[in-house]
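Fold and contact review
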Amino acid sequence: MTFGDLVSLVATAVSVLAGFQSAQTPQRPVFQAGTDTVVLDIAVRHNGAPVLSLKQTDFDIVDNGAHQTIDHMSAETFPLDLTLLIDETGYGQSVLDQITTAVGTATDLLADDDKVRVLTFNATIQQQYEGSSAGIGPATERLEIKGRTSLFDALVAGLVRKRNPERRSVAIAFSGGMDTTSTTPPSKLVEIARRSDVVLSIFLAYNPDHPTATRSGNEQYRDHLKAAAEATGGVVEEMLGDSGVTKALSTALADFRARYALFYTLKRSDRPGWHDLKVTVKGHEEYQVLVRKGYDGGK
Amino acid sequence: MRRLVIVLVVAVSLIGSAPRARARQALELNAMEMLDLYDRRRELALTGFGTSLHVDSVYSELTREGKKWVAAKGPAEVERRRLVLATFVLEVLERLGPDREQTDAEKDIRAAARGAAAPRGGGSAAARTNQSTAMAADTEWGVGMRLANYVRQQLIDQRTPSPLEIVWHQAFIGLIQYYAMKDGGTPNTGVITDLKIELEYVRDRYPKDSQFLLAWAWGDYWDYQPGGSMMWHEKMDIDHPWDTWEIPFLTSAEGYYAAAIANSSTAAEAKVRVAEMRLKRNDPDAALTILREVDATSRDREVRYLSSLEQGWAYDMKGDTAKATDSFRRALAFLPDAQTASIALAGALMIDGQLDEASDIIDRALTAHVLDPWTFHRYPAFQHYPDLMNRLREELK
């Protein structure tokens, strides 16, 4: 079974469903004809740390207002299809240098079979690298702080990613949080994020020479960034302190690996249109559940 | 006399005089010697230009000895040498301040202006260590403008401007636009004031010429520092049309664009820019009317790209996703893989559930390195700077 089987609506890929059925192992569910399977990619945190010991019966899924019966849960680790987005503006050269150092040594945090793409952006977006995790280092060696920022456009470039059936698609953005040149309006970014299969986490840093000014200047887009990331099941967090970047990167990657896949089935007639989702852990209101806020069931 | 005005590092093989063991040598030239070299051996001068420029020294030497240099070869040469000196000053101005191009487009333009290929993907470590501080760059620019003013004083001695002089002004205006915008999200208003000084000079010099209306409009548009709904001029944020109280600033720029529409050489670009203002006023129908005129009259593929792109945004504002998508596709037909239209189209397709096509479009746009005319939005005249400089260099030989 591939990760694409897990995270996509099976109804939108009947052939994938067929593959899933034929490859199933005894502990995995049997999917009935005429119904559609939904698979949710979920992370659970408590006080910032991943909660790893949950069982299928611990979760409560509400899809368009209806409680769902979970057919199966998987806590498998899948190879990542990772996009790293690096803002070349807004937070000063010292922060950018920390980011490039952290990304350059990210090989240590990645598995051999992870695929990595590095995008850098200022007013335009550039793909610096795409390949195995082993080759990531040189891609970020020579980055410099350069003026204007198309953050929203860059996030679109990270979110519009073809589904890779073998992998979990994730994106990590390092940014100063400002946007000065995008042509993608904030509402469109959020709309695209809602429909993306990529889990996006955004880490914000501020210019250490002007932390108050840059932070308040960047607040205007904070809500939009939060809405976009949370729509995918990701987060927006600040990178603080000297080791903030490394910690953010390692935490994000650990989060992406420590996720649950929950399967449930819908009647075909219930499938079309937009589905609002709410997932909780029963008896643990204090847990933070990171999951996409909905999905498009097709036409 | 101050030496070390310009440290010219040349390959000695070019001047053919040193033993192989000393294949490279640093020559220290003052500004007048450099100007002489620029006049006689232009390619050689351009090779060494910019290694280390002391604009203060260039200013003091040119203002002291420039007039003498212009007159040195007799009356028949005065007009040409005056423009050589003026063009030499542009070469100096272009090299002021740090090499901090914001985009590959800027890098390409500056490299083309210097006759070299631009490195891709980040600057070199050497470039980083040579960067001045922003404050030093501002100071240098201030001296540079005094230098430009000195040039204007020389040019005005030529009662009837030569056909080539207007090329010098076009190039200078492009350079000012670049310097006004190069340091971040908001323009340097001091440099925009320099632009207006130059435009007023040009208006007096060429009272019947309307080609500079686009630059006037640009100056008015960027001179406005909004603090309201539309904080950034360059964004096309259709979620946030400009507030009513901001519209007078658009009106001022639109007035110049309207005049530029009457001139056939500037009409198409003026219309595209007026349409952009209409979008920012939340008036997509008016924008579409203007852009249809552009489509009917212009065959310039970059103009048609911009027209189609803006039509896409206009239809998006009207909620007509199908027509928006068609417009973005049309834009890419004029300029395949251009990033702005690619992102707009991919976003529209993604929302429509066409993920695979959207993803392919993004993948191509991220690796194609197509110069996108929308990125020239902030300095429309600067994109022509390399061609204008090449023309000056050639015709002044």
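Each value, and the rule that gives it
Residues numbered from 1 in each chain as written. Chains lettered and ligands numbered in written order. Predicted model: local features only at pLDDT ≥ 70, side-chain atom pairs only at ≥ 80, totals over all residues. Helix = DSSP H or I, 4+ residues; strand = E, 2+ residues; numbered from the N terminus. Buried ≥ 20, exposed ≤ 12 C-beta atoms within 10 Å, placed from the backbone. Contact = placed C-beta atoms within 7 Å. Pairing = 2+ DSSP bridges. Axes fitted to C-alpha atoms, helices over the stretch in contact; angles between N-to-C directions. Expected span 1.5 Å × (residues − 1). Arc of directions from axis to C-beta. Core = buried A, V, L, I, M, F, W, Y, C linked by C-beta atoms within 7 Å. Domains from an automatic or database assignment. Nonpolar A, V, L, I, M, F, W, Y, C, P; charged D, E, K, R; others polar. Parallel < 35°, antiparallel > 145°, perpendicular 65-115°, else oblique. Left-handed = near helix turned anticlockwise from the far one by under 90°. pLDDT = per-residue confidence, 0-100.

Along its length, chain A carries eight helices and 15 strands. Counting all 299 residues of chain A, 52% fall into the buried class. A separation of at least 24 residues holds for 80% of the contacts in chain A among residues at least 6 apart in sequence.

With that out of the way, let us pick up the overall build of chain B. When helices and strands are counted, chain B shows 19 helices and two strands. Considering only contacts in chain B between residues 6 or more positions apart, those separated by 24 or more positions represent 66%.

The next point concerns the sheet that holds strand β8 (residues 125–132) of chain A. The pairing of strands in a sheet comes from backbone hydrogen bonds and takes either a parallel or an antiparallel form. Residue and element names in this part refer to chain A. Spatially, β8-β7-β6-β9-β10-β11 is the arrangement adopted by the six strands of the open sheet, whose pairing is mixed. Two strands lie at the open edges of the sheet, namely β8 and β11 (236–238), each paired on one side alone. In this sheet, adjacent strand axes meet at a mean angle of 15° when their direction is disregarded. Note that strand β7 (residues 115–121) and β8 share seven bridges and pair antiparallel. Across the sheet, the residue bridging to Phe121 is Ile125, located in β8. Packed on one face of the sheet, helix α8 (residues 244–257) meets β6 (80–87), β9 (168–175), β10 (199–204) and β11 and runs near 165° to β9.

Before going further, it helps to spend a moment on α8(A). Residue and element names in this part refer to chain A. Taking 1.5 Å of rise per residue, the 14 residues of α8 would be expected to cover 20 Å, and the 20 Å separating its terminal C-alpha atoms lies within 8% of that figure. Looking only at α8, the buried set comprises Val245, Ala248, Leu249, Ala252, Leu253, Asp255 and Phe256. Each buried residue of α8 lies within a common arc of 155° when the element is viewed along its axis, so the set occupies one face.

This next bit is on the nonpolar core. Buried together is how nonpolar side chains tend to be arranged in soluble globular proteins. Leu155(A) and Leu200(A) are the most contacted members of the largest nonpolar core, which totals 183 residues. Looking at this core, the element that brings in the most residues is helix α9 (residues 163–181) of chain B, giving ten residues. Residues from two domains meet in this core; each of domain 1 (3–75 + 259–296) and domain 2 (80–257) of chain A gives at least three. The contact partners of Leu200(A), leaving out residues within four places of it in the chain, are Leu155(A), Gly158(A), Leu159(A), Ala171(A), Ala173(A), Ala193(A), Ala228(A), Ala229(A), Thr232(A) and Gly234(A).

A word on the domain arrangement of chain A. Residue and element names in this part refer to chain A. On domain assignment, one finds that chain A holds domain 1 (3–75 + 259–296) and domain 2 (80–257). Across the boundary between the two partners, domain 1 contributes 16 residues, which contact 19 residues of domain 2. The element that contributes the greatest number of residues to the side of domain 1 that touches domain 2 is helix α1 (residues 3–7), accounting for four residues. Of the residues that constitute the side of domain 1 that touches domain 2, the class distribution is seven nonpolar, three polar and six charged.

In this model, Asn47(A) sits at a positive phi of 50°, which is unusual for a non-glycine residue. Mapped onto the secondary structure, Asn47(A) falls in the loop between β1 (35–46) and β2 (49–50). Residue Asn47(A) is classed as exposed on the basis of its C-beta count, with 8 C-beta atoms lying within 10 Å. Of note, the phi angle at Asp337(B) is positive, near 70°, even though the residue is not glycine. Among the structural elements, Asp337(B) can be located in the loop between α16 (321–334) and α17 (339–351). With 17 C-beta atoms counted inside 10 Å, the residue Asp337(B) sits in the partly exposed group.

Quick look at the sheet that holds strand β4 (residues 66–68) of chain A now. Residue and element names in this part refer to chain A. As summarised here, the arrangement of the four strands in space is β4-β3-β13-β15, forming an open sheet in which the pairing is antiparallel. Two strands in the sheet have a free side with no partner beyond their single neighbour: β4 and β15 (294–296). Strand-to-strand twist of the sheet, defined as the mean angle between neighbouring strand axes without regard to direction, takes the value 30°.

Turning next to the environment of Ala139(A). Residue and element names in this part refer to chain A. Tracing the backbone shows Ala139 in the loop between β8 and α4 (151–159). By the C-beta count within 10 Å, which is 25 here, Ala139 ends up buried. As a C-alpha pair, Ala139 and Val118 span 21 residues in sequence and 7.3 Å in three-dimensional space. If near-sequence neighbours (up to four positions away) are discounted, Ala139 is found in contact with Val118, Gln128 and Tyr129.

Before going further, it helps to spend a moment on helix α3 (residues 92–104) of chain A. Residue and element names in this part refer to chain A. With 13 residues, α3 should reach 18 Å at 1.5 Å per residue; the first-to-last C-alpha distance of 18 Å fits that figure. Listed as buried for α3 are Val95, Leu96, Gln98, Ile99, Thr100, Ala102 and Val103. On its buried face, α3 is in contact with β6, β7, β9 and α8.

All names here are of chain A. If you trace the backbone, Gly244 turns up in helix α8. Judged by the 18 C-beta atoms lying within 10 Å of it, Gly244 falls in the partly exposed class. For the pair formed by Gly244 and Ser182, sequence separation is 62 residues and the distance between their alpha carbons is 27 Å.

Residues and elements named next belong to chain A. Contact geometry of α4 with helix α5 (residues 186–195) gives a least axis separation of 10 Å together with a crossing angle of 15°. On the basis of the axis angle, α4 is roughly parallel to α5. For the crossing formed where α4 meets α5, the hand is left-handed. The residues of α5 that touch α4, namely those facing Phe152, Leu155, Val156 and Leu159, are Pro186, Leu189, Ile192 and Ala193.

Let us now look at the pairing of strand β13 (residues 274–281) of chain A. Residues and elements named next belong to chain A. With five bridges joining them, strand β3 (residues 59–63) and β13 adopt antiparallel strand pairing. Bridged to Ile61 within β13 is Val279. Bridging between β13 and β15 involves three bridges; their strand directions are antiparallel. From the neighbouring strand, Asp276 faces β15, where its bridge partner is Gly294.

This part is about the packing of helix α12 (residues 247–261) of chain B against helix α13 (residues 267–280) of chain B. Residues and elements named next belong to chain B. Running from N to C, α12 and α13 cross one another at 155°; their axes reach a closest spacing of 8 Å. For the element pair α12 / α13, the angle class is roughly antiparallel. Note that α12 runs across α13; the crossing there is left-handed. Along the contact surface, α12 presents Leu250, Ala253, Glu254, Tyr257, Ala258, Ala260 and Ile261, while α13 presents Ala267, Ala270, Lys271, Arg273, Val274, Met277 and Lys280. Residues belonging to the contact of α12 with α13 are distributed by class as follows: ten nonpolar, no polar and four charged.

Moving on: the confidence of the model for chain B. All names here are of chain B. Averaged over every residue, the pLDDT of chain B is 82; the share at 70 or more is 77%. No element of chain B has a lower mean pLDDT than helix α7 (residues 125–130), which averages 32, and none a higher one than α16, which averages 98. Across residues 9–25, confidence stays below pLDDT 50; counting only partners more than four residues off in sequence or on other chains, it has 20 contacts. Counting contacts from residues 117–132, a segment whose pLDDT is below 50, to residues more than four positions away or on other chains yields 25 contacts. For this predicted complex, the interface confidence score (ipTM) comes to 0.86, while the overall pTM stands at 0.83.

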